[in-house]
Amino acid sequence: MNRREALFSLGTIAASLAVAPGLGAVELKGVPHDTQLSDDHMPQPAIRSGGFLVLSEAERRTLGALYDRLLPADEYGPSATEAGCLEFIDSQLAGHYGAGKALYLEGPIRPESELQLMGTAQFLASPLERYRSGLAALEAYAQRVDGQHLADLPAERIDALLGEMEAGRLDLGQAINSKGLFELLLQNVREGYLADPMYGGNRNMAGWKMIGFPGARYDYRPYIDRRGENLRLIPVSLIPAD
Amino acid sequence: MTYKRPKADAVIVGLGWAGSLMAEELTRAGLDVVVIERGPYEVTHRNFPPSVAADELRYGARREALRPPSVQTLTFRNHRSQTALPGRDLSNWVVGYSVGGAGKHWSANAWRFTPADFTMATRVKERYPHMQLPEGLIVQDWGVTYDELEPHYDRWEKIAGISGKAGVLNGALQPGGNPFEGSRSAEYPTPPLERSRWNDLFHATTEKMGLHPFPIPAGTLGAAYTNPLGINLAPCTYCGFCGFYGCGNWSKSSPNACVIPALMTRKNFTLLTECTVLKAEKAADGKTVTGVTFIDSDRNIGFQPADIVIFAAFQFDNVRLMLLSQIGTPYDPATRTGTIGRAYNFQTMSYGFLYFENEYMNPFISTGALATQVDDYNGDNFDHSDLGFIGGAGILALSDQATPMGMTDRVPAGTKLWGSEWKKAFQHSYQNYAKIQGQGTSYAHAESYLSLDPNYTDDNGQPLLRMTFEFNENDRRMARFVRDRIADICRQSGAKTWEAMAFPDQPFSPTRAYDSGHTIGGTAMGLDPATSALNRYQQSWDAHNLFVIGASSFPNNAGYNPTGTLSALTLWTAKAIINDYLRQPGLLTR
Ligand SMILES: Cc1cc2nc3c(=O)[nH]c(=O)nc-3n(C[C@H](O)[C@H](O)[C@H](O)COP(=O)(O)OP(=O)(O)OC[C@H]3O[C@@H](n4cnc5c(N)ncnc54)[C@H](O)[C@@H]3O)c2cc1C
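Only a predicted model underlies this, so the values are computations on that prediction, with no experimental measurement involved.

Okay, the overall build of chain A next. Assigned secondary structure in chain A consists of ten helices and one strand. The linear arrangement of helices and strands in chain A, starting from the amino end, is α-α-β-α-α-α-α-α-α-α-α. The buried share among the 242 residues of chain A stands at 45%. Restricting to contacts in chain A with at least 6 residues of sequence separation, those with at least 24 account for 59%. Accessible surface for chain A amounts to roughly 11,800 Å². Of this, 53% is attributable to carbon and sulfur atoms.

Right, dumping it as C-alpha cells:
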C-alpha cells in the first residue's frame, strides 16, 4: 500500500482539506536510510482464532459441500475442507480481495458484450458479494428442486450441479452467472489448496506434497545439475505454522 | 491547492528502465533532473526480501506488484464499430506501479532485436519485391539501425549484468550462441544460465533436427558481478519466484538493483514518488512544452517546470499522456491520418503444450528467462519468398512456470478440471509438462490503434486509454507457420501427447491465458512526420523539447521481448540530448 491509499482509507477528510497538513509531494533526495522491512510489505496471514470472519455457518456448510466435490479426499490428498480451504476463503473474503479493492467497478457494465470482448464475464459485484448471492442462490435451488439443503445432497448430485454450472447451463436466476460462479469457486479452492499455509489453507502443505512442490525455497543451485531426478525435497512455508 | 516547484533542467515521468537509464545519463552529464513517479519507493531489502517474495498467492495470483485496474485500466474492443469495455479484473495488461516500474517484477528475457527488424520496409522492397502484403498493414522503417544502437545495447547489458552466450562477435560466428543475431561488439557480461531438464531435451531435439539452439540472454545473472555504476549484483539462484515478483537476491536485473542505487547518491537528482503526472503543458509558441502538471498523494496539484520533458511512463501511459496533453494529431482510422495512437502493435503468440511420461522436469528450478531457443524461423532469418507473410518467431523451451497455482490448467486437453480426475492429472502433469513458446513478430494495421475512451475514466477522472485491436492476416499466416514448426519439434521431442496452437486463430481478447503482455507502438518513431509521432531520436515532431521513450516508439514488434531494445533506444536518445540538443535546442533532424 502506498501513502495515497493510506490517506484515502482514513476517509475523505484528508482529500477534502484545502491545505493538507504539512505534506507536499513525497520528495526523495539522497539514499533513504530506512533498513527495516516495510510494514505494508509484511504478508498478512489468516487469523487463526478458530472463528470465521465473514461466512456464516450456513454458508460454510453449502460452500464446504461444493469445495469438497471440486477437491475431494482421495489417494492424492485430503479434501478441500480438510486442507483448510474454508478458513482460507473466509480470510480472503474478509480482506482486500473480498472487497474487490483491485477491481475497476465503474459502470456501465454491458453484460451482452463483456464475454465477447474481454474473453471472460465481468462483474460490478465484489467477490464477497458474489459468494453471498451465489451460495444463497444455490441453496435456494437445491431446496426448490431437490427439497433438501445443498449440503445434504448426495455427492453425485452435487457433481451434476457443478457440471451444469461449469457448462453455463444451470439457471440460478437473472442475477447469477452460474459459469462465472463456478470459475470463481474453482479458482479459489485451488488457491486454498496450493497457497502458502500461512493463508489458512494447504494444511500440512498437503497440496504441495501432492505434486512435489518444495514451497518457499529460494536457492536451487545445488540441484540444477540433477536433471530429471526425483529430488524428494521437503516443502517449506514462509512462516512455519503447522 | 496548487503549487509550483523550482524549475529543473529536465523532468522525467516514470522511473522504470527507461526513466532510470535516462536519469542516469542526464545526471551524469550534470543536468538537474526531477523524476516524477506514480508509485511508492521500493527497494529489495525493505519490500521484497526472500522471506516476503516467495509468495505465489500474493504476487502470482493476486499480482500485488502490478497497478490494479481500480487505479487505472484500459478499455478494449476488437473493431471500431464496437463500444469498448473496461478491463475490470486482472488481465494481460501487466503494468508497473512503483519505483522500478515493470522492471522490478519482469521476467528478464533480455533481448536485442535483429538488424532486419528496424528496416523491414526497405528489406521487403529489396528482398521480396513481389510480395503482396495484406491491405492496411503498416510496415515502416524506424529511422535508426541496429548498428547505431549496438553500443547502447552493449551499455545496457553491462549495466544490467545480462547473462548469455554471444553467437556473432565482431562479425565472427561463435559456437554455442545464436548464429542469426546481429553482430555484437562484446561477449555478455555474465555467463549463460545452466540448462533445466526441459531446456536440455529441447536442445537435443532441435539440434538433431538441424536447427540452432542457444541459451537466451537473461537478466537473471549467471555469476556475481559488479556493474559499471559500481553496484554489486548476485548470481541467480533459480528460485522460480521471478516474473511478477521482485527479486529478493539482487540477482535479477532491475532498475531498483542496477541503476537507482547510483542515482540516489547524486545531488542533482530528485525523486517525487506517489505523484501522478496528468499532462505536459504547452508553451504559448506551440512548439515546446513548459513542464508537467501532477497530482500528489494529498491530492494537491503541482506544476514542475523544466527545459526538457521526457515521458517514460510505459507504452500505454506514454501514448495516453500525449493524447491528454494534446500534442500532435490523434490518429483517425477513417481517414488514416494523424500519428498519436497509430501503428499500435503487439506480440503474436503460438504455443506447444507437451506432456511427457516418467519425467522429473522439476519445474520449480526456474527463472523467468530460463530458456533454450531456436531463431531459425525468427524475423527475416529465413526466406519468405513464397510464404505470403513477413516476420516470424523465436521458438523457445521456456522453464518459467515454477509455482503450482499458475500450472493448475496444465493437464492434457480434455481432462476434467476438478474432482479426483483433476488431482490425479495435475499430480502427473506437474513433473511431466513442458512448454514451447513461439514469440512472434507483430506488424501494425490501419484498423488497430489507441485513443481516449469517451465513456470511462481513471481514479483522477481522466479518460482511460482505449485499445482497438485485432490480429491481422499477416499475423495469422505467420503464426500458423510458426505453429507448424512448433508441432514438428513436439513430434520429435518424445512427448506422449501435445497440442500446438496459433493464437490469432481466435479473436484477440485481453484475458486469454498465456498471451503476451507486450503492448507496443502508438507513438512510433520514424523518418516522416506524416507517419510517425517521433523522429529517429524519439523526439516529438510537434514539441522539440519533449522526448517519449519506451516501446511506444516501436513501429513494429520483433519476435523477442521489448525491454532490451527500449533500453538501448533510451541511451541512444540520451546521447542525442547530451551531445546535440543541449548545445542547440530544436529538432534534432534539422
Ligand atoms: C510480469 C512481467 C514480465 C515481463 N517480462 C519481460 C521479459 O521477460 N522481457 C522483457 O523484455 N520485458 C518483459 N516485460 C515487460 C517489461 O517489464 C517492460 O517492457 C519494461 O519494464 C518497460 O519499461 P518502461 O520504463 O518503459 O516502463 P515501466 O517499467 O512500466 O515504468 C513506467 C513507470 O512510470 C510510472 N507512471 C506511469 N504513468 C505515470 C504518470 N502518469 N505519472 C507518473 N508516473 C507514471 C509507472 O508507475 C512506472 O513505474 C514484462 C512485464 C511484466 C509485467
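For the rest of this paragraph, the subject is unusual backbone geometry. Residue A:Pro108 follows A:Gly107 across a cis peptide bond; omega there is 0°. A positive phi angle, close to 60°, is found at B:Tyr238, a residue other than glycine. In this fold, B:Tyr238 is placed in the loop between β11 (232-233) and α8 (255-258). Its identity as a non-glycine residue notwithstanding, B:Glu274 has a phi of 55°, on the positive side. With respect to the element layout, B:Glu274 can be found in the loop between β12 (269-273) and β13 (276-282). Residue B:Glu274 is classed as buried on the basis of its relative accessible area of 8%.

Moving on: the confidence of the model for chain B. In regions of low pLDDT, the predicted coordinates are not meant to be interpreted in detail. All names here are of chain B. Per-residue confidence for chain B gives a mean pLDDT of 97; residues scoring 70 or more make up 100%. Looking at the elements of chain B, mean pLDDT is at its lowest for helix α2 (residues 44-47), recorded as 92, and at its highest for strand β26 (residues 546-548), recorded as 99. Scored by ipTM, the complex comes to 0.96, with pTM at 0.96.

What follows deals with the pattern of salt bridges. By the definition in use, this model includes 50 salt bridges over all chains. Between A:Lys179 and A:Glu183 there is a salt bridge whose closest N-O contact spans 2.9 Å. One end of the pair is A:Lys179 and the other is A:Glu183, both in helix α9 (residues 178-194) and four residues apart, which spans about a single turn. On the basis of relative accessibility, which here comes to 37%, the residue A:Lys179 falls in the partly exposed class. Through salt bridges with shared partners, one network takes in B:Glu24, B:Glu25, B:Arg28, B:Arg155, B:Arg266 and B:Lys575.

In this section: the packing of helix α4 (residues 85-94) of chain A against α9(A). Residues and elements named next belong to chain A. Running from N to C, α4 and α9 cross one another at 110°; their axes reach a closest spacing of 9 Å. The angle between α4 and α9 places the two elements in the roughly perpendicular class. Remark: the crossing between α4 and α9 carries right-handed chirality. Within the contact between the two elements, α4 uses Cys85, Phe88 and Ile89 and α9 uses Asn188, Val189, Glu191, Gly192 and Tyr193. For the contact of α4 with α9, the class distribution of residues is five nonpolar, two polar and one charged.

As annotated in UniProt, the feature "domain: Glucose-methanol-choline oxidoreductase C-terminal" (unreviewed entry) corresponds to residues 445-569 of chain B in the numbering used here. Structurally, residues 445-569 of chain B is divided into 22% helix and 24% strand, and its ends, taken at the C-alpha atoms, are 23 Å apart.

All names here are of chain B. Taken in spatial order, the three strands line up as β6-β21-β27 in an open sheet, and their pairing is antiparallel. Strands at the two margins of the open sheet, each flanked by one partner only, are β6 (137-138) and β27 (556-557). Pairing analysis gives two bridges linking strand β21 (residues 442-445) to β27, with the strands arranged antiparallel. Bridged to Tyr443 within β27 is Asn556.

Residues and elements named next belong to chain B. Counted under the stated rule, the structure contains 47 aromatic pairs over all chains. Consider the rings of Phe346 and Phe508, whose centres lie 4.9 Å apart with planes at 80°: the pair is edge-to-face. In this pair, Phe346 is assigned in the loop between β16 (342-345) and β17 (348-355) and Phe508 in the loop between β24 (497-502) and β25 (520-522), connecting sequence segments 162 residues apart. Exposure remark for Phe346: the relative accessible area of 4% places this residue in the buried category. Grouping aromatic residues by their ring pairs yields a cluster made of Trp111, Phe113, Phe118, Trp142, Phe214, Phe554 and Tyr560. Looking at Arg410, its charged tip hangs above the ring of Phe353, at a distance of 4.1 Å from the centre.

Residues and elements named next belong to chain B. Burial in helix α5 (residues 120-127) covers these residues: Met120, Ala121 and Val124. Buried residues in α5, looked at end-on, bunch into an arc of 105°, giving them a common side. Along α5, the residues that are exposed and aim more than 90 degrees away from the buried face are Lys125 and Glu126. On the buried face of α5, the contacting elements are β21.

Another aspect to go through is the sheet that holds strand β20 (residues 433-440) of chain B. Residues and elements named next belong to chain B. Spatially, β9-β18-β19-β20-β17-β24 is the arrangement adopted by the six strands of the open sheet, whose pairing is antiparallel. Taken across any chain shown, the strands that pair with only one partner, and hence form the sheet edges, are β9 (214-215) and β24. Examined bridge by bridge, strand β18 (residues 371-374) and strand β19 (residues 393-398) share four bridges and lie antiparallel to one another. Its bridge partner being in β19, Ala371 is matched across the sheet by Leu398. In the packing of helix α12 (residues 473-492) onto the sheet, the strands contacted are β17, β19, β20 and β24, and the crossing angle to β17 comes to about 20°.

All names here are of chain B. If you check the shell around the ligand, you find 34 residues, and the closest are Glu37, Ala102, Asn109, Val277 and Thr563. Within the side chain of Asn561, one N or O atom sits 3.3 Å away from a nitrogen atom of the ligand. One nitrogen or oxygen atom from the main chain of Pro562 is found 3.5 Å from an oxygen atom belonging to the ligand. For the ligand, whose free accessible area comes to 1,000 Å², the fraction covered by protein is 96%. Put simply, the parts of the chain that give the shell around the ligand at least two residues each are α1 (17-28), β13 and α13 (563-581). A class-by-class count of the residues in the shell around the ligand yields 18 nonpolar, 13 polar and three charged.

What counts and how
- Residues numbered from 1 in each chain as written.
- Chains lettered and ligands numbered in written order.
- Predicted model: local features only at pLDDT ≥ 70, side-chain atom pairs only at ≥ 80, totals over all residues.
- Heavy atoms only, no water.
- Helix = DSSP H or I, 4+ residues; strand = E, 2+ residues; numbered from the N terminus.
- Buried < 20%, exposed > 50% of the residue type's maximum accessible area, 1.4 Å probe, protein only.
- Contact = heavy atoms within 4.5 Å.
- Areas by Shrake-Rupley, 256 points an atom, 1.4 Å probe, with all protein chains shown as cover.
- pLDDT = per-residue confidence, 0-100.
- Salt bridge = Lys/Arg side-chain N within 4 Å of Asp/Glu carboxyl O.
- Axes fitted to C-alpha atoms, helices over the stretch in contact; angles between N-to-C directions.
- Parallel < 35°, antiparallel > 145°, perpendicular 65-115°, else oblique.
- Left-handed = near helix turned anticlockwise from the far one by under 90°.
- Nonpolar A, V, L, I, M, F, W, Y, C, P; charged D, E, K, R; others polar.
- UniProt positions renumbered as here; feature names shortened; annotations may be inferred.
- Pairing = 2+ DSSP bridges.
- Phe/Tyr/Trp six-rings, centres within 6.5 Å; stacked < 30°, edge-to-face > 60°.
- Lys NZ or Arg CZ within 6 Å of the ring centre and 35° of its normal.
- Arc of directions from axis to C-beta.
- Near = heavy atom within 4 Å.
- Polar contact = N/O pair within 3.5 Å; in protein donor to acceptor, adjacent residues only side chain to side chain.

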